[in-house]
Amino acid sequence: MPYAAPGLPYPRILVKVSGEALMGPEPFGLHPATVARIARDLVAARSAGCEVAVVVGGGNILRGARVADENLDRATADHMGMLATVMNGLALERALEAAGAPARTLSAIPMPTVCEPYARQPAMRHLRRGRIVVLTGGTGNPYFTTDTGAVLRAAELDCDAVLKATNVDGVYTADPKLDPAATRYERITHDEALARDLKVMDAAAFALAREAALPIIVFSIREPGAIASAARGEGRVTVVAP
């Protein structure tokens, strides 16, 4: 039996949380109070009746593309970044359990002494049983961002939407922190996002979402309760959809 409650616009969601979101006010690593707040927001989405998967980034610890240079090849750097996502995922799993929800961390890079290896069918079973599934290790392959990995996992797991948590309340024509004339989109298509080179997700992620007809809901992670609101089709968001 599915865990998801009937009547929801997005019964099964995948939430993309960046590593930077877990830093809170800290310059590096994890801010425990921020991790706990995000965990409570994810639990609230589950309590609203959603089946919840989470893809977590690793940029608060290491971002492969940034550290790659002539002495460290990109593939190795990306694998290091994937390991950072596992550390974040384990921290988030503990915070979710502390907030009252069962959770499981799955990694695309097998490390069975630490967490479960990712496979589609076990992940689906966890979702149907009401567990929050924390997906780490990216895609398991270099040269793919965690945004692309999030859309890939959402498509694999038959999710109804990708919820992209950012530092701003949607998709803008330009960076609103730099351009006071920037305006927010209420709704935009995948094709328009690609054509306008909007940076909220990379082009590969938008293209894959378009292929899978997956809506992307962009919202601010800074607002408490924003995850559950976006899952209910409410709040201040931008919808990227066919």
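These figures come from a predicted structure and were not determined experimentally.

The rules behind these values
- Residues numbered from 1 in each chain as written.
- Predicted model: local features only at pLDDT ≥ 70, side-chain atom pairs only at ≥ 80, totals over all residues.
- Heavy atoms only, no water.
- Helix = DSSP H or I, 4+ residues; strand = E, 2+ residues; numbered from the N terminus.
- Rg over C-alpha atoms; globule rule 2.2 N^0.38 Å.
- Buried < 20%, exposed > 50% of the residue type's maximum accessible area, 1.4 Å probe, protein only.
- Contact = heavy atoms within 4.5 Å.
- Areas by Shrake-Rupley, 256 points an atom, 1.4 Å probe, with all protein chains shown as cover.
- Lys, Arg positive; Asp, Glu negative; His and termini not counted.
- Charge placed at Lys NZ, Arg CZ, Asp CG, Glu CD.
- Axes fitted to C-alpha atoms, helices over the stretch in contact; angles between N-to-C directions.
- Parallel < 35°, antiparallel > 145°, perpendicular 65-115°, else oblique.
- Left-handed = near helix turned anticlockwise from the far one by under 90°.
- Pairing = 2+ DSSP bridges.
- Right-handed = clockwise from strand over helix to strand, strands pointing away.
- Salt bridge = Lys/Arg side-chain N within 4 Å of Asp/Glu carboxyl O.
- Disulfide = S-S within 2.5 Å.

Draft legend 1. Quick peek at the overall build of the protein chain. Summing up its helical and strand segments, the protein chain has eight helices and nine strands in all. Relative to a compact globule of 242 residues, whose C-alpha radius of gyration would be 18 Å, the protein chain shows 17 Å and is just as compact. Referenced to the eigenvectors of the C-alpha coordinate spread, the extents of the protein chain come out at roughly 55 × 50 × 35 Å. Buried residues in the protein chain amount to 51% of all 242 residues. Put simply, of all contacts in the protein chain between residues at least 6 apart along the chain, 73% involve residues at least 24 apart. Carbon and sulfur atoms make up 54% of the accessible area of the protein chain, which totals about 10,800 Å². Averaging the coordinates of the 26 positive side-chain charges in the protein chain and doing the same for the 26 negative ones gives two points 6 Å apart.

Draft legend 2. Spatial organisation of the packing of helix 1 (residues 32–47) against helix 3 (residues 74–98). The interhelical angle for the contact between helix 1 and helix 3, taken along N-to-C directions, is 60 degrees, at an axis separation of 8 Å. Relative to helix 3, the element helix 1 lies oblique. Classified by chirality, the crossing of helix 3 by helix 1 is right-handed. Across the interface between the two elements, V35, A36, A39, L42 and V43 from helix 1 touch A91, L92, A95 and L96 from helix 3.

Draft legend 3. The pairing of strand 1 (residues 12–17), seen in detail. Of all six residues in strand 1, six are buried; the element is thus mostly enclosed. Residues of strand 1 alternate between two faces, with R12, L14 and K16 on one and I13, V15 and V17 on the opposite face, all of them buried. Two elements, strand 1 and strand 2 (residues 51–56), share six bridges in a ladder whose sense is parallel. Paired with V15 across the strands is V54, a residue of strand 2. On the question of chirality, the crossover connecting strand 1 to the parallel strand 2 by way of helix 1 is right-handed. Looking at chain direction, strand 1 and strand 6 (residues 161–166) are connected through four bridges and run parallel. Within the sheet, the bridge partner assigned to L14 lies in strand 6 and is V162.

Draft legend 4. Representation of the pairing of strand 5 (residues 132–136) in the model. Here strand 5 lies mainly inside the structure; five of its five residues are buried. Side chains I132, V134 and T136 of strand 5 all project onto a buried face; the interleaved residues V133 and L135 project onto the opposite face, where all are buried too. One ladder, built from three bridges, connects strand 2 with strand 5; its direction is parallel. Bridge assignment links A53 to a residue of strand 5, and that residue is V133. In this sheet, strand 5 lies alongside strand 3 (residues 103–107) in parallel orientation, the contact comprising five bridges. Residue pairing in the sheet places T105 in a bridge with V134 of strand 5.

Draft legend 5. Quick peek at the sheet that holds strand 7 (residues 187–188). The strand order across the open sheet built from nine strands is 4-3-5-2-1-6-8-9-7, with neighbouring strands paired in mixed fashion. Two strands close off the open sheet at either side, each with one partner strand: strand 4 (116–117) and strand 7. The sheet strands contacting helix 3 are strand 2, strand 3 and strand 5, and the helix crosses strand 3 at an angle near 170 degrees. Seen against the sheet, helix 4 (residues 120–128) touches strand 1, strand 2, strand 3, strand 4 and strand 5 and runs at an angle of roughly 130 degrees to strand 2.

Draft legend 6. Quick peek at the environment of R196. Considering the arrangement of structural elements, one finds R196 in the loop between helix 6 (190–195) and helix 7 (203–212). In this structure, the C-alpha to C-alpha distance between R196 and L90, residues 106 residues apart in sequence, is 36 Å. Apart from residues lying up to four places away in sequence, R196 is in contact with Y185 and I188.

Draft legend 7. Layout of the pattern of salt bridges. Evaluation of the coordinates by the stated rule reveals 15 salt bridges. A salt bridge links D197 to K199; the nearest nitrogen and oxygen atoms lie 3.0 Å apart.

Draft legend 8. Spotlight on the state of the cysteines. Throughout the structure, instances matching the rule amount to zero disulfides. Here C115 stays unpaired: no disulfide links it, and the sulfur of C159, its closest cysteine neighbor, is 19 Å away. Since its relative accessible area comes to 8%, C115 is described here as buried.

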